[in-house]
Each structure stands twice: as C-alpha cells, then as structure tokens.
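The chain contents come next:
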Amino acid sequence: MAAAATTWLGALNPDQLRLALDDSPLNPDAEAERLRWFYTPTDHGGLALSAQDPAQQRLAMQLVATGLSEAGYATVATVLGLENVLDQVEGWRTDWGRERGRDPGLYWLRVFGRPGGPVWAWRFGGHHISLNNLVAAGRLVSTTPCFIGADPARTALLGGSLLPLGGIEDEARALAATLTRKQLSTALLHQSAVSDIVSGNRPQVGDGDTMIHMQDLWRGRFDDPALARLVDAIDRRAEDASGYTDDDHTRVAITFPPRGISARDLTEDQRRGLRRLLSHYTGRAPGDLAAAYDAHFAVDGALDAVHFGWAGSLEPGQAHYYRIHGPRILVEYDNTQRQANHAHSVWRDPVSDFGLDVLAQHRAQTLH
C-alpha cells in the first residue's frame, strides 16, 4: 500500500501534488479534512481521476486496489462505470454545476502524510464510493467508513442483469424471510423503509442519530438556486415516498444498545446466514484483514452482541432497509429511491471509524 501510494505521488506534477497530498492525520487541519467524507456527487477532496493522464490513473487505481479484496475492487470499479448508465437514465441532463454531472472521472484520491511513515492515510471517493484507510506503525488499522452504492441498483444486460449490490440485498432478505413471526416482530424497525442510510456521512456514529437529509450531504451549499431547488426536490420526493415524519425517523434512529433482534435469539442456521451477510461487508477489505473479521464473528460471544434489524417490504423490488449493529460493527443498506432501484450500503466501526482509537493512542504515546 505504501509502495503504491509513493509511486502514484511520484508520478504527479507539482500542481497535481498540491491537491493529492495533505499533511499527516496528526495535524489537526489535515485530520479535520480527512474526517469529511461524502457519498453524493460532490467534490470529495483530492486529485480527481479526470485531472490525471492515463498512466497516472492506472497508478491511482493500483493504490485503490490495495485497500480492497479482488471482489471489492471489481464492485468499486463497476460503480464508477455506472455513472455512464445513470447519465443515460437521467436523459443526459444532470450537471450539478459542472460540465458533466455524472462523470466516472470525478472520483478523487488524496493521501494524508508520508506513505510508510508512522501514521498516514488515504481516501478515495466520488458518487456512491467512499474508501477511508489509516495505516499506523506499518499496519492497516482501519478501512471504515466504507461506502458503496449503486444507481441503478439493477440494470438490464444482454442476456442478464447487472446488480453490483445484489448479493448483499438477497442474502439479507433471505435471512429476514427465515424469521418467525415473533422474531420478525423484534427485528422490525419500521413497517416502511427509511429513504437513506441513517448514519449518513457523520465522522462518528452517536446514540440517537437520525437520518441526515439530502441538503446536508454535500461539501457546502450550492450557490446556484436551481441546484439548491433540485436537491430540495429530490429530498422531498424521497420523504414523500417513505411517508416518514420526525417521529418515524426517531423510531429508526441509531441507538446504543442496538435495536433489532440479537444473534443470541437466532437459530444456528440463521446465525450462519448472519455471518455470511457480515462477510459480504468485511470481505471488502484485503484478504488477511477480512479473514480476521470472519474469525472474530465465528466466536459465539462476539456474534451474540450483534443485532439485525429490518424496515420496509420483504418482497423483491420493493423499498427496504436493513441494519446490522454490534459493539464494533455497523452495517446499513437501503434500496428505496428511484422506485427501489437506487441502493446505498455502508460498513462502519462505531468505536473506531477512521482508526480514531488507534490515532488517539498514538497521540498519547507521542506526548509521553
């Protein structure tokens, strides 16, 4: 990972480097920027792929690949390509104040600190992608928040369909379908699906967090009144479709302890289904790290603390939302917008997104 970051940075000219390289996460200003993350088509900060020549783009994607499994990288690359499909779906009209609003070149990469140094990090993001990695003392200590979305969530292909997140949707629905009426009454967060992930793009998840509305998911506010009205309209349509009021949002808020059904109240087959579903999220990480997560959740005590929650319909093609929440994991998935053909998924660590606990330990050791 350090070698890939060093090689990419070394291929950039001085103007590109000013955008691509920030200070160490130990610098408060750089850290404040590192903790700003997005999944909307806004400026994510860094050097965009479109501002790089083909050779530099290849080096950038080599760095991205070091932070993902093979399947994770293929999924991310597919989501980038979906921007071309979404552009057609929207009639080639969306611009977001840019020359082209749906653009696979508008994904930004930024490195924080010297690769290979005591503490450094990197971030890659654009529409429906946010990858955040922290390296300390030569170890990859955090890969969250890790956001992957898909719009369209399902696309017709010649002889088939493209569903980048279809596996994690089907696996969750299959698990929910096995719940007894009593189990489902505990797991059900709401009869209707919330219109977005609830944790949003907060740097840290807190007790009582409710869904962040569309207007606050961008880097700043739009100067163009037409764009501001467009965001308002998208949010309003999503809220109208969900039928949610403030009370409904409170019902599906993130809570500690978690809502939903505990794994201790699941059958062995259901527990295996929950572990499989979890592995589809932690399996985004490189192999050794993903294997460590699998081993952790294979321990009954660790899985017992994990809760599974569902909101909305259990029927394929209908709006739904689910959540997996435990002491060190928060997974959210929604497929509600665009008539349940626009999916969001996120994997987070409620204790140490961005590696904040490790970073705090490093700061304390440095001070002493």
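Above this note sits the structure.
One structure accompanies this document, and this report is about it. (Residues numbered from 1 in each chain as written. Predicted model: local features only at pLDDT ≥ 70, side-chain atom pairs only at ≥ 80, totals over all residues. Heavy atoms only, no water.)

**Things to note about the environment of leucine 179**
Next up, step 1: Examined against the element boundaries, leucine 179 turns out to sit in the loop between α6 (166-177) and α7 (181-187).
Next up, step 2: Its relative accessible area of 10% is what places leucine 179 among the buried residues.
Next up, step 3: For the pair leucine 179 and glutamine 270, spaced 91 residues apart in the sequence, the C-alpha separation amounts to 8.1 Å.
Next up, step 4: Contact partners of leucine 179, with chain neighbours within four places excluded, come to Leu184, Ala187, Leu266, Gln270 and Phe308. (Helix = DSSP H or I, 4+ residues; strand = E, 2+ residues; numbered from the N terminus. Buried < 20%, exposed > 50% of the residue type's maximum accessible area, 1.4 Å probe, protein only. Contact = heavy atoms within 4.5 Å.)

**Quick notes on the pairing of strand β5 (residues 129-136)**
Next up, step 1: In terms of burial, β5 is a largely internal element, 8 of the 8 residues being buried.
Next up, step 2: The side-chain alternation of β5 yields two buried faces, one formed by Ile129, Leu131, Asn133 and Val135 and the other by Ser130, Asn132, Leu134 and Ala136.
Next up, step 3: One ladder, built from 8 bridges, connects strand β4 (residues 119-126) with β5; its direction is antiparallel. Paired with phenylalanine 124 across the two strands is leucine 131, which belongs to β5. (Pairing = 2+ DSSP bridges.)

**So, the environment of glycine 46**
Next up, step 1: Within the secondary structure, glycine 46 sits in the loop between α3 (28-34) and β2 (47-48).
Next up, step 2: As a C-alpha pair, glycine 46 and arginine 110 span 64 residues in sequence and 4.5 Å in three-dimensional space.
Next up, step 3: With sequence-adjacent residues up to four places away left out, glycine 46 is seen in contact with Leu19, Trp108, Leu109 and Arg110.

**A word on the side chain of asparagine 201**
Next up, step 1: By secondary structure assignment, the location of asparagine 201 is in the loop between β10 (188-190) and α8 (225-242).
Next up, step 2: A distance of 2.9 Å separates a polar side-chain atom of asparagine 201 from the backbone oxygen of tryptophan 37.
Next up, step 3: Not counting residues within four places of it along the chain, the set of residues in contact with asparagine 201 comprises Trp37, Phe38, Tyr39, Ile212, Asp216 and Leu217. (Polar contact = N/O pair within 3.5 Å; in protein donor to acceptor, adjacent residues only side chain to side chain.)

**Considering the layout of surface pockets**
Next up, step 1: Approximately 790 Å³ is the volume attributed to the largest pocket.
Next up, step 2: Lining of the largest pocket is provided by 33 residues; of these, Ile234, Arg237, Gln337, Arg338 and His342 occupy positions nearest its centre.
Next up, step 3: For the lining of the largest pocket, the element with the highest residue contribution is α8, accounting for 7 residues.
Next up, step 4: Per-class residue counts for the lining of the largest pocket are 13 nonpolar, 12 polar and 8 charged.
Next up, step 5: Counted as a void, the second largest pocket has a volume near 340 Å³.
Next up, step 6: Together, 16 residues line the second largest pocket, and Val141, Leu289, Tyr293, Arg328 and Asp349 are the ones closest to its centre. (1 Å grid on protein atoms, 1.4 Å probe; cavity = no way out; pocket = protein on both sides within 12 Å on 5 of 7 lines; lining within 4 Å. Points joined across faces, edges and corners; volume = space filled by probe spheres on them. Nonpolar A, V, L, I, M, F, W, Y, C, P; charged D, E, K, R; others polar.)

**Side note on the packing of aromatic side chains**
Aromatic ring pairs are reported here in terms of the distance separating the ring centres and the angle at which the planes meet.
Next up, step 1: Per the stated rule, a full pass over the model turns up 12 aromatic pairs.
Next up, step 2: Ring geometry for tyrosine 39 and phenylalanine 147: centres 4.3 Å apart, planes at 10°, overall stacked. Of the two residues, tyrosine 39 is situated in the loop between α3 and β2 and phenylalanine 147 in strand β7 (residues 146-150); the sequence distance between them amounts to 108 residues. In terms of burial, tyrosine 39 and phenylalanine 147 fall into one category: buried.
Next up, step 3: Relative to phenylalanine 124, the ring of tyrosine 107 has its centre 6.1 Å away and its plane inclined at 25°; by these criteria the two rings are stacked. Taken together, the residues tyrosine 107 in strand β3 (residues 107-112) and phenylalanine 124 in strand β4 connect sequence positions 17 residues apart.
Next up, step 4: With a relative accessible area of 0%, tyrosine 107 lands in the buried category.
Next up, step 5: Judged by relative accessible area, phenylalanine 124 falls into the buried class, the value being 0%.
Next up, step 6: Taken together, the ring pairs in this structure connect Phe308, Trp310, Tyr322 and Tyr333 into an aromatic cluster. (Phe/Tyr/Trp six-rings, centres within 6.5 Å; stacked < 30°, edge-to-face > 60°.)

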